[in-house]
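A closer look at the structure
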Amino acid sequence: MAAWTLVTVSPAAATDCGPVNSEVDSISQAQMESSITCLINDQRTTHGLAAVAPNTDLRQAALSHSNEMVNESYFEHTSPSGLTFMDRIEQFGYMNGARTWTVGENLVWGNGPLSTPQALVTAWMNSPPHRENLLRPTFRELGVAAVAGTPVSKSDLTGVTVSSEYGYRTLGGKKAKKGKGKGKAHKARKLRKKHR
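Residues numbered from 1 in each chain as written. Predicted model: local features only at pLDDT ≥ 70, side-chain atom pairs only at ≥ 80, totals over all residues. Heavy atoms only, no water.

**Brief notes about the packing of helix 1 (residues 29-46) against helix 4 (residues 117-125)**
Stated precisely, the cut-off is as follows: Fitted lines through C-alpha atoms serve as axes, helices being fitted only where they are in contact, and the angles separating the N-to-C directions of these axes extend from 0 to 180 degrees. Runs of E in the DSSP output that reach at least two residues are strands. Runs of H or I that reach at least four are helices, and both are numbered from the N terminus. Working rule for angles: under 35 degrees goes down as roughly parallel, over 145 as roughly antiparallel, 65 to 115 as roughly perpendicular, anything else as oblique. By convention, the crossing between two helices is left-handed when the near helix turns anticlockwise from the far helix through less than a right angle, and right-handed when the turn is clockwise. Here, two residues are considered to be in contact whenever any of their heavy atoms come within 4.5 Å of each other. Three categories are distinguished: nonpolar for Ala, Val, Leu, Ile, Met, Phe, Trp, Tyr, Cys and Pro, charged for Asp, Glu, Lys and Arg, and polar for the others, with Gly belonging to the last.
Close contact between helix 1 and helix 4 brings their axes to 9 Å; oriented N to C, the two are set at 40 degrees. Considering the angle they form, helix 1 stands oblique to helix 4. Crossing angle aside, the handedness with which helix 1 passes helix 4 is right-handed. Here helix 1 contributes M32, S35, I36, L39, I40 and Q43 to the contact with helix 4, which in turn contributes P117, Q118, L120, V121, W124 and M125. In terms of residue class, the contact of helix 1 with helix 4 is built from nine nonpolar, three polar and no charged.

**Examining the pairing of strand 2 (residues 98-111)**
Note the following rule: Exposure is judged per residue with a 1.4 Å probe applied to protein chains only, and the accessible area is read against the type maximum: over 50% gives exposed, under 20% gives buried, and values in between give partly exposed. When DSSP finds two or more bridges between a pair of strands, those strands are recorded as paired.
Counting buried positions along strand 2 gives twelve out of 14 residues, so the element sits mostly inside the fold. Relative to strand 4 (residues 159-171), strand 2 runs antiparallel, the two being bridged by 13 bridges. Among the inter-strand pairings, N106 is bridged to a residue of strand 4, identified as S164.

**A closer look at the pattern of salt bridges**
Using the following cut-off: Criterion for a salt bridge: a side-chain nitrogen of Lys or Arg within 4 Å of a carboxyl oxygen of Asp or Glu.
Scanning the model with the defined rule gives four salt bridges in all. The shortest N-O distance in the salt bridge between R88 and E105 comes to 2.7 Å. Within this pair, whereas R88 is found in helix 3 (residues 85-91), its partner E105 is found in strand 2, the two being separated by 17 residues in sequence.

**Describing the nonpolar core**
Formally: By convention a nonpolar core is built from buried Ala, Val, Leu, Ile, Met, Phe, Trp, Tyr and Cys residues, the set being connected through side-chain atoms within 4.5 Å.
Grouped together as the largest cluster of nonpolar side chains are 25 residues, with contacts concentrated most on I36, I40, V121, W124, L134 and V162. Counting residues per element, the ones that place at least two in this core are helix 1, helix 4, strand 3 (141-148) and strand 4. With five residues, the top contributor of residues to this core is helix 4. Within the second largest apolar cluster, nine residues are counted, among which are F85, I89, M95 and A98.

Okay, structure coming up:
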């Protein structure tokens with residue numbers, strides 16, 4: 001996997017989300033993920049919604065998927081082995097102890113100027129299905145994982161692949177059975193200013 005480096009970055013955005021306009025090869029993985037999370041919460045609060053809190057289980061599911069997409073050269077919500085985003089989120093324990101749950105996933109990748117936290121979140125906001133997930137009032141938790149490299153080239157150090165896992169759960173009572181919750185997944189592909 002590619003190494004992350006830390007260099008001097010441009011000034012923080014007005015909302016203080018860190019290096020939002022810095023390309024992936026000039027900031028750390030932690031800075032990238034923190035800035036993306038902050039920008040998502042800025043969008044949510046601007047639209048009168050509650051911010052989403054970081055969740056370790058959701059981030060582990062996201063990290064697993066971002067790594068797999070880069071290493072296995074694919075860009076889909078369902079892995080080549082048939083594992084869905086709901087399967088991944090459940091595998092990392094997010095549904096444990098939940099009576100009900102709702103989960104969602106947004107994916108994006110970009111390189112060069114399209115690898116900044118701002119460019120990635122803007123791509124989601126400009127895509128109606130991604131925007132719907134990002135602004136879903138129900139969601140309360142989030143896991144973001146940004147991995148250097150792209151599904152097209154894992155050695156592209158100017159590129160980044162990001163999975164964001166959203167969730168809401170009510171705890172207590174019996175564990176929700178598989179399929180009792182809801183899920184929605186969306187992906188955005190970014191390359192040379194193209195959005196899909």
